Amino acid sequence: MNASIRFLKLTLAAAVLIASALLVTGCWNSRELNMLAIVTAMSIDKTDNDEYSLAFQVVMPGELSNSVKGGGGGAPYSVYTVKSKTLFEGIRKASKQVPRQLFFSHIQVVILGERLAKNGIEEIFDFFERSHEVRLTSMLLVARGTKPDLLVSTLVPLAPIQAEALMGSSEFSSRIWSNSPNIGIDDAIRKLINPGVEPSMSGLRLVGNEEEATKKSSLETTRPPYHLEITGVALFREGKLVGWLDNDKARGYMFVVNKMSSTIMNLSCQDKPDALALEVIKSKTKTDVSVQNDRAKVKITVMAEGNISEVKCAVPLDDLAELNRMEKEWGDTAIADMTGAIKRAQSLHTDVFGFGEVLQRQHPKQWKKVESQWGDKFTDAEISIAFQGQILRTGMRGKSLMEKP
Amino acid sequence: MIKRSTRSKSGGKDNGNSGSGNLSVPRGHLETGLNDNIDRIRSEVAASPDLIVRRFTLRTGQKQHVAAIYLETITDKEMVNEFVMRSLMSPFLPEMPPENDASPEEAFKYICDNALTVGQVEVLDNWTTMLLELLTGKTLLFVDGWDQCISCSTIGGETRAVSEASTQVVIRGPKDSFNESLPTNIALVRRRIRSEKFGFEAIKIGKVTQTNVAMLYIEGIVKDEIKQEVRKRLEKIDTDAILESGYIEEFIEDNWSSPFPTIYNTERPDVIAANLIEGRVAILVDGTPFALIVPTILPQFFASAEDYYQRYDIGTFLRLLRYAAFIVSLFGPAVYIALTSFHQEMLPTTLLINLSGAREGVPFPALIEAFLMELSFEILREAGVRMPRAVGQAVSIVGALVLGEAAVQAGIVSPIMVIVVAITAIANFSIPAYNLAITARLLRFLFMIAAGMIGFYGIILGLIMLVAHMNALRSFGVSFLSPLVPFKFNQFKDFFVRLPHWSNTERPDDMTDNTTRMAQGQKPQT
């Protein structure tokens, strides 16, 4: 009898304990969807008096979702701006303006102002790693010539959520144009910490009429008076923006860091310059770095495959010699691009290609010796590039239209 | 053929409620006088205008008074007239012993041995048995001056024809199913297993109803312990009525407090046969088409008879689908609640914004919303099951309109919630065993509460508790999660998957020591 009462007591105690455990955890983390302000993009810049100027792009789900009747009419998102000394302060301060809880887990894009970038971006990343709310896969972009909060507020056609549009154009252009890298926060942080590599990211520019960019009416025309463009590669040294790579140099950069997936290169054709479009469909870059006689030696080997996509002259495409000539010219152009990119980076003393990282992997002992002065070693490194291009196909048509029999 | 029926319920442990019509109470020996017997029967049986007493004398010149007594509502009148009355009154009766004044005993023996053209005849001498036989639908023959009676099996009355199974429907496979008559049901099984080892024990359970319960097994395959355990548990039942096998199930199951059924039920004779051959024991109850199978393991609830009749690849696919459906029907709304009120970061951005837009203006938290919808669906489903068929359509129209369109239009629930409820419901319908499906229906609400309080953490906590509980379940000594716990890899051939019949050469060793099902190496040669 006694034993059964004791057992009952024990069971009861256990039950109470378990139940109270449920209560303790409570609903501390419960937040209803309609109490959340989903932030999809955010911009960070510096003001004159060394404050952060933050802008949050908050989506209006009611305007976006077609299941809600009576939606539409308003802007698909609104932008809240706030000034603060620290990032976290700014985020909390913004709640004065936002009627809901700001929710940062879905930030797709973080746009850094040029001014902040020049002052140094190292200090902002601590927040991104420390906070459990933010995800590290968000894409980083550097505002080029425009205030970043304006970029965050710009309405774009085709994608109701602008951040998704930026993600989309960045991903697509890196896939079929390969002129700008796709850099996430995690990637940037890794490169900031590692002494053998410096961060680099794509730039974002607003081209056209800035006034109209935040008005929904501009989306009602077929030709919005402005557009957003992902352009150029921002180069950082010790966390500070020091310069940009553009056009051919940006393409060269993509070749060197093995991020080239597909691009179009124009070659000459029967003495007509830029008369032949070659589509790079596959490219693989192998980099070897070593230190010999106290000088860094970088050997880059690129293996690429391409198709001829357009011909504006009467070149006989079934002529192997002609194809060989094209492959040669292709190689020369690509090597020139890459050399240009590397030269520029060397002149800025910043190893954005991660040659130091490669050395660290391939020859850890040599790396130990040069680690402290890697910036100088990189600057006067000896670069040799080998390019093996192969033209595989010439499209659905053999002969050129202009080739007369 | 004279058959002795097995009776377990002798009146030993009776507590004296003979007044309430308890046929397990001993009532002593039959009277000698014909009139005494008839009078006593009339007084013992409650008002029954269908009690027929037919008096006559044997035709062969003697003055032997005989009476046939039966309840006309439950006897086969055809049989009584043709094989009892007519044969006794026939002018062509074989010769009686030459003495003109045969004693009552001789007359009785004569009737018993020569005069009856009925298959099953039994000699009874005590009141209890005699009344029971009468109430079963047999015809009793009394001879004046003799204290025994003859019971002729003339059981009749209406039974439903053997028809197609209504709960476990198959596309390919036998279409017959049990009905409410125990002999028919046993016949359906016996016809499938033509083995001298197939046997069954009959037990009467229920003091008032005296329901016939049969315990079927195959000697030589079934483990003796299991057989004895089943018999022991059946004999322990002391209740007034058994109206359905569900009554028995609750008396003999291992764990009454578990939401999981540990006894499988089916109305398909082929399923019973297959399970008997694996060494299980089937319990058939008179008056219901649903038979019980013990011991039961969880995978049985996910198997349909058709898995074994269709090709094994589709059988495997469907089985995996059913396991998935079970999980969906258990966790569907809970996962929705957890995702939308705790773990928004787990959703793709576009989906989150869509969900958020759909929930814009919904006044309730996700948990309440889910409860509202789930409850109204349960009500709708219950109404659909109980409604007369003619009004059924009205229910579906109202349900579709109110639950689907109007609730969303009114902004009480979000359209996504409607989808979640619908998917959950459909998943629930695809579980082949109804009693497991209702388990999922109940547990779903617990998981919803857990998810509403602490999100996925709660779901996982609940899941751990659920698995621990299932692991503790036993069905007649067999682990409910077998062959997962204890882990028996060779039984996986018929678990999540169904491998071809020729590869599954061994019976599961939980229920039988005789595990050889067939010879090895019968894989068709290509």
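Residues numbered from 1 in each chain as written. Chains lettered and ligands numbered in written order. Predicted model: local features only at pLDDT ≥ 70, side-chain atom pairs only at ≥ 80, totals over all residues.

Per an unreviewed UniProt entry, the recorded name for chain B is Spore germination protein KA, and the organism is Paenibacillus taihuensis. One UniProt comment on chain B, placed under Sequence similarities (unreviewed entry), says "Belongs to the GerABKA family." (UniProt positions renumbered as here; feature names shortened; annotations may be inferred.)

Looking at an unreviewed UniProt entry, one finds chain A named Spore germination protein KC, with Paenibacillus taihuensis as its source organism. Checking UniProt for chain A, the heading Subcellular location (unreviewed entry) contains the comment "Membrane".

Peer 1: Report on the overall build of chain B, specifying residues and quantitative values.
Peer 2: Secondary structure summary: chain B contains 15 helices and twelve strands in total. For 526 residues, the compact-globule estimate of 2.2 N^0.38 gives 24 Å, and the C-alpha radius of gyration of chain B, at 30 Å, exceeds that figure by more than 25%. Projected onto the principal axes, the alpha-carbon positions of chain B cover approximately 105 × 60 × 45 Å. Looking at chain B residue by residue over its 526 residues, the buried ones come to 39%. The long-range share in chain B, meaning contacts at least 24 apart out of those at least 6 apart in sequence, stands at 66%. (Helix = DSSP H or I, 4+ residues; strand = E, 2+ residues; numbered from the N terminus. Rg over C-alpha atoms; globule rule 2.2 N^0.38 Å. Buried ≥ 20, exposed ≤ 12 C-beta atoms within 10 Å, placed from the backbone. Contact = placed C-beta atoms within 7 Å.)

Peer 1: Summarise the UniProt feature "transmembrane region" (unreviewed entry) in chain B; cite the residues concerned and give the values.
Peer 2: All names here are of chain B. The positions UniProt marks with the feature "transmembrane region" (unreviewed entry) are residues 320–342, 392–410, 416–438 and 445–466. With 83% helix and 0% strand, residues 416–438 has its two end C-alpha atoms placed 24 Å apart. From the first C-alpha to the last, residues 445–466 spans 13 Å; its make-up is 100% helix and 0% strand.

Peer 1: Would you mind going over the nonpolar core in detail, with residue names and values included?
Peer 2: Core analysis: the largest hydrophobic core is formed by 188 residues, its most contacted members being A:I111, A:L112, B:A282 and B:A334. Take this core: its biggest share by element is ten residues, from helix α10 (residues 312–341) of chain B. Setting aside residues no more than four positions away along its own chain, B:A334 makes contact with B:F447, B:M448, B:A450, B:A451 and B:I459. (Core = buried A, V, L, I, M, F, W, Y, C linked by C-beta atoms within 7 Å.)

Peer 1: I'd like to hear about the domain arrangement of chain A, residue by residue, with values.
Peer 2: Residue and element names in this part refer to chain A. Along its sequence, chain A is organised into domain 1 (31–245) and domain 2 (254–405). For domain 1 versus domain 2, the separation of C-alpha centres amounts to 32 Å. Taken together, the 18 residues of domain 1 in the interface contact 21 residues of domain 2. Counting residues per element, the ones that place at least two in the side of domain 1 that touches domain 2 are α7 (162–176), β8 (226–237) and β9 (240–245). Counted by class, the side of domain 1 that touches domain 2 contains nine nonpolar, six polar and three charged residues. (Domains from an automatic or database assignment. Nonpolar A, V, L, I, M, F, W, Y, C, P; charged D, E, K, R; others polar.)

Peer 1: Before we move on, can you summarise the interface of chain A and chain B with the specific residues and values?
Peer 2: Taken together, the contacts link 26 residues of chain A with 23 residues of chain B. Counting only elements with at least two residues in the side of chain A that touches chain B, the list comes to α1 (2–25), β1 (36–46) and α2 (61–64) of chain A. Taken together, the residues of the side of chain A that touches chain B break down into eleven nonpolar, eleven polar and four charged.

Peer 1: Break down the UniProt feature "domain: Spore germination GerAC-like C-terminal" (unreviewed entry) in chain A for me, citing the residues and quoting the values.
Peer 2: UniProt marks residues 231–395 of chain A with the feature "domain: Spore germination GerAC-like C-terminal" (unreviewed entry), using the numbering shown here. The distance from the first to the last C-alpha atom of residues 231–395 of chain A is 29 Å, and the span holds 36% helix and 42% strand.

Peer 1: Let's hear about the packing of helix α12 (residues 366–386) of chain B against helix α14 (residues 415–429) of chain B: which residues, and what values?
Peer 2: All names here are of chain B. Packing of α12 against α14 brings their axes to within 10 Å, and their N-to-C directions diverge by 45°. Overall, the two elements α12 and α14 adopt an arrangement that is oblique. You can see that α12 and α14 cross each other, and the crossing is right-handed. Across the interface between the two elements, E369, A370, M373, E374 and F377 of α12 pack against M417, V418, V421 and A425 of α14. A per-class count over the contact of α12 with α14 returns seven nonpolar, no polar and two charged. (Axes fitted to C-alpha atoms, helices over the stretch in contact; angles between N-to-C directions. Parallel < 35°, antiparallel > 145°, perpendicular 65-115°, else oblique. Left-handed = near helix turned anticlockwise from the far one by under 90°.)

Peer 1: Requested: an account of the sheet that holds strand β6 (residues 198–205) of chain B, with residues and values cited.
Peer 2: Residue and element names in this part refer to chain B. Read across the sheet, five strands follow the order β6-β7-β9-β10-β8 without closing on themselves; strand pairing throughout is antiparallel. Single-partner strands in this sheet number two, and they are β6 and β8 (264–266). Averaged over all pairs of adjacent strands, the angle between their axes in this sheet comes to 25°, without regard to strand direction. Bridge analysis of strand β7 (residues 211–218) against strand β9 (residues 281–285) gives four bridges, and the strand direction is antiparallel. Opposite A214, over in β9, you have L284 as the bridge partner. (Pairing = 2+ DSSP bridges.)

Peer 1: Describe the sheet that holds strand β12 (residues 295–311) of chain A, with residues and values.
Peer 2: Residues and elements named next belong to chain A. With mixed pairing, the four strands of this open sheet are ordered in space as β10-β11-β12-β13. For this open sheet the edge positions go to β10 (263–269) and β13 (382–393), each flanked by a neighbour on one side alone. Averaged over neighbouring strand pairs, the angle between their axes works out to 35° when direction is ignored. In the sheet, β10 pairs with strand β11 (residues 272–292) via six bridges, with the strands oriented antiparallel. Bridging from a neighbouring strand, L267 pairs with L276 of β11. Helix-sheet contacts for helix α9 (residues 247–256) involve β10, β11 and β12, and the interaxial angle to β11 is about 50°.

Peer 1: Break down unusual backbone geometry for me, with residues and values.
Peer 2: B:P295 follows B:V294 through a cis peptide bond whose omega is -15°. Along the chain, the position of B:P295 falls in the loop between β10 (291–294) and α9 (298–302). Cis geometry marks the peptide bond from B:V485 to B:P486; its omega dihedral reads -5°. Unlike most non-glycine residues, A:D50 shows phi in positive territory, near 55°. With respect to the helices and strands, the residue A:D50 is situated in the loop between β1 and β2 (52–59). Of note, the phi angle at A:S178 is positive, near 50°, even though the residue is not glycine. For A:S178, the position within the fold is in the loop between α7 and α8 (185–193).

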